[in-house]
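Reading the structure
Spelled out from the first residue to the last, the chains are:
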Amino acid sequence: MEQLNAKDEKNPLEAAAMIDTVLRQEKDWNTLYFYQKTVVLYQMTYVFCQRFLPKYGDRTVDQMVQAARSGKQNIVEGMADGVTSMELELKLLNVARASLKELREDYEDYLLSRRLSRWVKGHPRYKALLDFCRNRNQLEDYEPFFMRWSDEEMANTALSLCHFTDKMMVKYEKYLEQDFVENGGIRERMTAARLGYRNIQKATIEAKDREIAALKAEIARLKDRIRELGG
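Criteria and cut-off values
- Residues numbered from 1 in each chain as written.
- Predicted model: local features only at pLDDT ≥ 70, side-chain atom pairs only at ≥ 80, totals over all residues.
- Heavy atoms only, no water.
- pLDDT = per-residue confidence, 0-100.
- Contact = heavy atoms within 4.5 Å.
- Helix = DSSP H or I, 4+ residues; strand = E, 2+ residues; numbered from the N terminus.
- Buried < 20%, exposed > 50% of the residue type's maximum accessible area, 1.4 Å probe, protein only.
- Arc of directions from axis to C-beta.
- Salt bridge = Lys/Arg side-chain N within 4 Å of Asp/Glu carboxyl O.
- Axes fitted to C-alpha atoms, helices over the stretch in contact; angles between N-to-C directions.
- Parallel < 35°, antiparallel > 145°, perpendicular 65-115°, else oblique.
- Left-handed = near helix turned anticlockwise from the far one by under 90°.

**Some details on the confidence of the model for the protein**
- Put simply, the protein has an average pLDDT of 84, and 81% of its residues get 70 or more.
- In the predicted structure, residues 12-19 sits below a pLDDT of 50 and forms 14 contacts with residues beyond four places in sequence or in another chain.

In structure tokens, the structure reads:
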């Protein structure tokens, strides 16, 4: 006789819980290299402004510190909001990128207005600077130099960090776009979860119908057997 095993039978609500959550998993931004670099940029910019810019009467100080802070904080906010909205995450990541571009412009203006060198290709310290900033992401890699570097050294290091951070964020945004194409946003995930729940309900009902049909067939067989014995 066809019959469901009791231990294999699942309540539809219990089975529905097995469907993947409609919410995206929140990422740990602290593990992302581009976020780690923005932490360095914020702390470095704060010290840079304290050391090399007037403490009063210069709006550049507030603008640079706020741009560095915005670059870092919008990554955090974007990834937190990305649990429910990939669109909002992408928007906030672009806000972060825009803030870091503003910061980069301020550092470039600083070097230009003071006739200091911009370490571009061909400069004797260019390659060493790129290698240093490319391979180091943690604040402790940079902080020991904050009070030792000159303004030219500090500004060029910040510019290099801005460059690498932006490149990493562009790659991450492309990853998000591909993820959206493959898995959709929350609306698509909610629809998929609802359809999955309905499919489980349908499968449960069909299994019960098969069990009932099997029981009816067994009852009919037993009745026939009783009649045979009574005859």
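**Side note on the environment of M168**
- When you line up the elements, M168 lands in helix α7 (residues 151-183).
- According to the relative accessible area criterion, M168 is partly exposed, its value standing at 22%.
- Sequence separation between M168 and L32 is 136 residues, and the spatial gap between their C-alpha atoms is 9.4 Å.
- Residues contacting M168, with those up to four places away along its chain left out, are Y33, F34 and K37.

**What to know about helix α5 (residues 126-135)**
- Regarding α5, the residues found buried are L129, L130, F132 and C133. Buried residues along α5 cover an arc of 165° about the axis, so they all sit on one side. Opposite the packed face of α5, turned more than 90 degrees from it, sit the exposed residues K127, A128 and N135.

**Remarks on unusual backbone geometry**
- In this structure, R115 is a non-glycine residue whose phi angle is positive, near 55°.
- Take R115: it is sitting in the loop between α4 (86-113) and α5.
- Under the relative-accessibility criterion, R115 is labelled exposed at 71%.

**As for the pattern of salt bridges**
- Applying the stated criterion to the full structure yields eight salt bridges.
- In this structure, K127 and D131 form a salt bridge, with 3.0 Å as the shortest nitrogen-oxygen distance. Of the two residues, K127 and D131 both sit in helix α5, four residues apart, roughly one turn of that helix.
- Using a relative accessible area of 27% as the deciding quantity, one classes D131 as partly exposed.
- Within this structure, R97, D166 and E173 form a network of salt bridges that share partners.

**Looking at the side chain of T45**
- Relative to the helices and strands, T45 resides in helix α2 (residues 33-52).
- The residues contacting T45, other than those within four sequence positions of it, are M64, V65, A68, L103 and Y107.

**Quick notes on the packing of α2 against helix α3 (residues 59-81)**
- The interhelical angle for the contact between α2 and α3, taken along N-to-C directions, is 160°, at an axis separation of 9 Å. One element, α2, and the other, α3, form an angle in the roughly antiparallel class. Viewed along their axes, α2 and α3 form a crossing whose handedness is left-handed. Counting all contacts with α2, which are made through F34, Y35, T38, V39, L41, Y42, T45, Y46, F48 and C49, the residues of α3 involved are V61, M64, V65, A68, R69, G71, K72, I75, V76 and M79.

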